[in-house]
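Structure assessment
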Amino acid sequence: MTDGDLIERIAARGDGVTADGRHVAGGVPGDRVAADGALIPGPNRAEPICRHFGKCGGCQLQHVAEVALADFVRDRVAGALAGQEVACGEVRPALLSPPQSRRRAALSALRAGKQITVGFNAAQSNQIVDMRECPLLAPDLFALIGPIRDLLGTIAPQRRPVKVKLQMLDQGAEVVLEGVRAEGLDAVMALQDFAGAHSLARLAIDQGDGLETIWQPEPPTVRFGDIAVEVPPFAFLQATAAGQAALVDAAREAIGDAPAVADLFAGVGTFALSVQAGRKVYAAEGARDAIAALTGAANRARTLVATEHRDLFRRPLVPAELGRFGAVILDPPRAGAEEQVKQLTASAVPAIAYVSCNPASFARDAKLLVAGGYRLDWVRPVGQFRWSTHVELAGRFSR
Ligand SMILES: C[S@@+](CC[C@H](N)C(=O)[O-])C[C@H]1O[C@@H](n2cnc3c(N)ncnc32)[C@H](O)[C@@H]1O
């Protein structure tokens, strides 16, 4: 009798993979696959802690024990770099966000008859798994799911998907409901009762003709250090405080004590405002409401942060502009920053902190930077989306 083929790694989509490249759903490194295809559990398995695991699209990897989960996150980054033949000085261990720390989520809801379903979409489908527990969401956000289910009984149209966007801000939770119908006094009263009862920082709805703020006792803020930014509805924030801290620490280390820094794809200023003390920062961002929020906060706090509304795909900073900076922070969307990276290769910028939510586009851009004379000194993989196959990282390039 043979021991069965060993599962050696977890693929990008979460399947186990044997040495000969066979994909096995639910396989974990250290498991074996018997001749009849059954999985023989190895030492790296964990008991999934949520009753929805396997059906809900929020998590793919609850069956993987902590060390193997961190190895998966690190190996995704290392594997993407190897695939592009990019040498890296040091692939650091991955940092994983803890359970119940997600402070931002976009969920779906559906009303069918009297039944309302609220949750993440099921794995690879439009079905919604009705969320009765969640090991991902911050408890203050999860506590809103039941009340939102009740509220949608008044304002969700029949059999039309509703988007439920949740985010924790300094003043409390923000709730954005897209695709609802709030006509008549009953609906408006139900919305205001809901917002007041849960001390929301903001409630906004979209009935198909743009976002309408229903409740906002004061402008909601997010703090970076001691600077408060008045954020627009569902502004992009890093998904967990731990993930943000890991990425900001890495960026700070990567830029060192450079006296002038550019933060490109700056959002509402997660990096610009976190690293600005004692130096000049230029921040560029393509979303008008985000850069306006950052500009206001930077001015009120009398920082040396200058801002620009700019499309960095169409109009990346050119070498003459880049030459003013001792370091550049890049945090592009999933597509990466190919156009900006090409300009950087022609620049004299000594250090780049590249924060990425997509190891594949990061590795592609890293290849361009290395071909242009940069070294990739280190990368820090970050599993901000715990138990999912979504992997993030920060890396330092220098020359
Ligand atoms: C991953 S987010 C990072 C935001 C910010 N650095 C943070 O950590 O909060 C990427 C940002 O890139 C912006 N963005 C997307 N496409 C862009 C473009 N073509 N030009 C400039 N900014 C863009 C998005 O609006 C978003 O704010």
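Residues numbered from 1 in each chain as written. Predicted model: local features only at pLDDT ≥ 70, side-chain atom pairs only at ≥ 80, totals over all residues.

UniProt annotation of "binding site: S-adenosyl-L-methionine" (unreviewed entry) refers to Gln238, Phe265, Glu285 and Asp331 when read in the numbering used here. Mapped onto the secondary structure, Phe265 falls in the loop between strand E15 (260-264) and helix H6 (270-275). With 23 C-beta atoms counted inside 10 Å, the residue Phe265 sits in the buried group. Each residue touching Phe265, except ones within four places of it in the same chain, is listed here: Glu285, Leu312, Leu330, Asp331 and Pro332. One can find Asp331 in the loop between strand E18 (327-330) and helix H9 (338-345). On the basis of neighbour count, Asp331 is assigned to the buried category, with 24 C-beta atoms found within 10 Å. Ignoring sequence-local partners within four residues, the contact set of Asp331 consists of Phe265, Phe271 and Val355. (UniProt positions renumbered as here; feature names shortened; annotations may be inferred. Helix = DSSP H or I, 4+ residues; strand = E, 2+ residues; numbered from the N terminus. Buried ≥ 20, exposed ≤ 12 C-beta atoms within 10 Å, placed from the backbone. Contact = placed C-beta atoms within 7 Å.)

Let us look at the nonpolar core. Judged by nonpolar contacts, the single largest core of 120 residues is most densely connected at Ala251, Leu294, Ile329, Ile352 and Ala353. Apart from the residues within four sequence positions on either side, Ile352 is in contact with Ala327, Val328, Leu330, Leu344, Tyr374 and Phe397. (Core = buried A, V, L, I, M, F, W, Y, C linked by C-beta atoms within 7 Å.)

It is worth spelling out the site of the ligand at this point. Neighbouring the ligand are 19 residues; Phe265, Gly267, Thr270, Gly286 and Asp331 lie closest to it. Of the residues contributing to the shell around the ligand, the split by class is 12 nonpolar, 4 polar and 3 charged. (Near = placed C-beta within 6 Å. Nonpolar A, V, L, I, M, F, W, Y, C, P; charged D, E, K, R; others polar.)

Within the secondary structure, His63 sits in the loop between strand E5 (39-40) and helix H1 (66-83). Each C-alpha atom of the pair His63 and Pro48 lies 5.1 Å from the other, and the pair is 15 residues apart in sequence. With residues near it in sequence (within four places) discarded, His63 still touches Gly26, Val28, Arg45, Ala46 and Pro48.

Here the focus is the packing of H9 against helix H10 (residues 359-371). Orientation of H9 relative to H10, taken along the N-to-C sense of each, is 15°, at an axis distance of 9 Å. One finds that H9 runs roughly parallel with respect to H10. Note that H9 runs across H10; the crossing there is right-handed. Within the contact between the two elements, H9 uses Glu338, Val341, Lys342, Leu344 and Thr345 and H10 uses Asp365, Leu368 and Leu369. Of the residues belonging to the contact of H9 with H10, the class tally is 4 nonpolar, 1 polar and 3 charged. (Axes fitted to C-alpha atoms, helices over the stretch in contact; angles between N-to-C directions. Parallel < 35°, antiparallel > 145°, perpendicular 65-115°, else oblique. Left-handed = near helix turned anticlockwise from the far one by under 90°.)

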